[in-house]
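# A look at the structure
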Amino acid sequence: MATNSRGQFNSRLGFVLAAAGSAVGLGNIWKFPFEVGDGGGAAFVVIYLAFCFLLCFPVMISEIAIGRKTQLNAVGAFKKLGHKNWAWIGLLGILAGVFILSFYNVVAGWAFGYFLEMAQGNFDFQSPEKFGAFIADWHHIFLYGIVFMAVTAFIVSRGIKGGIEKAAKILMPSLFAMIIGLMIYSFTLDNAMEGIKYYLVPDFSAITGEVIYSALGQAFFSLSLGMGALITYGSYVSRKQDIVRSAALITITDVSVAFLAGLMIFPFVAFLSAGNMDDVSGGAGLIFMTLPGVFESLGPLLGKVIGAVFFLLLSFAALTSTVSLLEVPVAYLVDEKKIKRPVAVWGTAGFIFLLGIPSLLGHGAVDWLSSFMTLYKDGQEASASFMDFVELIASDTFLPLGGTFIAIFTAYIWKKNNLNAELMEGRATQSKWLLNYINFAVMIFCPLILGTITIITVLERF
Ligand code: PFF
């Protein structure tokens, strides 16, 4: 039951599902496979897993603990536990979240559009040209984007209890089951083994600074960390809950979905490319170009049904993430600026939709937005879209940077004894070694490793 006017999650399961709903989304099913492809396969996977468990897990615990302790939004929480001079950590997070939602909503619109296409049995997206034409057709994508943002705003305007918790309970397990089903199917196809090898047998010579950097950004993005989303969600968590356990469940769920999505997609890629895994970097189009071909192979009727259900569930997974992305600035405006919730919700949603228009148009509709800047990949020049640019700044740079500051703040401003006391709430005993590791991580390991990687890359890149 809600015990205060902010509202609370009804149960531990409710919170874990909502937070896992925030974590599981396009990041796992759309972004993770193509980052693995760009990063050269299994070596990326190994680094990503290490980052999730060793670095991100302690940051997640810090975020939830800060949120629950203060019962405040991302900015208010830092002010309350530190001083008003610390508000900028939260503001940086809100900025990152606003920019992330601006492009995330566009890709969510693609997923929703694919649901409509699959439902009509249209599998014709397997070539880069066909997929390119689909996302360049901005009239459609514009409409899908508006619909998606409006549904997100509608759910957020009803508050966390009504919307997020209920939807997550049913839809997340369905998506999980579907991925497992498709994965098993993928193993039965020709050349599946080539795909599995590519995904699971690491070639450590493929590791470059670039790969480490994108694995780190991906880990933060996928776990919804570094921008205060879990501070905000943590502020709705009851004092009876065990934060460490909840964070472990969220991390394991999120990593499992990404891992299984990879295990599903690479055998499919190998099947469609007749076992040639030399050039897998399909970029943002990887799942959108691969999966329709697979659904087509199931036959017209089954392909239509499975394809439509898959993209519908993917859209829902994206929705539980967009909801959390929008909740961060909204909670800030409601708590700190005393703006009424509906005004904050619809105003912010409208603003972020507008902010996303260059990302929306930068896929063929407007040339200069489509090749907005030049990146160096493997020593070669490659053109990148406006959306790539926003992703690079907001997600790959701001999130790990935010994570660094959150760890430093927790360890040295809030102080480890206060963190530990918060973690002891909700459970009688806390395993000693885990608590020791969390303390070590926030005090030394996270600031050092996260800080170093982020600073080196920022200096190299900008
Ligand atoms: N974790 C989400 C995903 O993987 O799709 C994206 C995301 C949601 C990032 C919420 C950050 C956030 F605060």
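Residues numbered from 1 in each chain as written. Predicted model: local features only at pLDDT ≥ 70, side-chain atom pairs only at ≥ 80, totals over all residues.

With phi around 65°, N191 is a residue other than glycine that occupies positive phi space. Tracing the sequence through the fold places N191 in the loop between α9 (164-187) and α10 (192-200). Note on N191: 18 C-beta atoms within 10 Å, which makes it partly exposed. A positive phi angle, near 85°, is found at K415, a position not held by glycine. Among the secondary structure elements, K415 is positioned in helix α19 (residues 386-424). (Helix = DSSP H or I, 4+ residues; strand = E, 2+ residues; numbered from the N terminus. Buried ≥ 20, exposed ≤ 12 C-beta atoms within 10 Å, placed from the backbone.)

Before going further, it helps to examine helix α16 (residues 341-355). The terminal C-alpha atoms of α16 lie 21 Å apart, and with 15 residues this matches the ideal 21 Å at 1.5 Å per residue to within 8%. Summarising the contacts, the buried residues of α16 are in contact with α5 (87-119), α7 (138-157) and α15 (300-336). (Expected span 1.5 Å × (residues − 1). Contact = placed C-beta atoms within 7 Å.)

The ligand sits among 16 residues. The nearest are G25, G27, S224, A229 and S321. For the shell around the ligand, the elements supplying multiple residues, two or more each, are α1 (12-23), α2 (26-38), α5, α11 (209-222) and α15. Among the residues making up the shell around the ligand, the classes are represented as seven nonpolar, nine polar and no charged. (Near = placed C-beta within 6 Å. Nonpolar A, V, L, I, M, F, W, Y, C, P; charged D, E, K, R; others polar.)

If you look at the biggest cluster of nonpolar residues, it comprises 162 residues, and the most contacted ones within it are C56, M60, I61 and A111. It is α5 that provides the largest number of residues to this core, a total of 19 residues. For C56, the contacting residues outside a window of four places in its chain are F51, A219, F220, L223 and L225. (Core = buried A, V, L, I, M, F, W, Y, C linked by C-beta atoms within 7 Å.)

So, about the confidence of the model for the protein. With 94% of its residues at a pLDDT of 70 or more, the protein has an overall mean of 91. If you check the scores for this complex, the pTM reads 0.94 and the ipTM reads 0.99. (pLDDT = per-residue confidence, 0-100.)

α5 packs onto helix α4 (residues 74-81) with a crossing angle of 165° between their chain directions and a minimal axis gap of 7 Å. Between α4 and α5, the interaxial angle falls into the category roughly antiparallel. Where α4 crosses over α5, the handedness of that crossing is right-handed. Here A74, V75, A77, F78 and K79 of α4 lie close against α5, whose contacting residues are A87, I89, G90, L91, G93 and I94. (Axes fitted to C-alpha atoms, helices over the stretch in contact; angles between N-to-C directions. Parallel < 35°, antiparallel > 145°, perpendicular 65-115°, else oblique. Left-handed = near helix turned anticlockwise from the far one by under 90°.)

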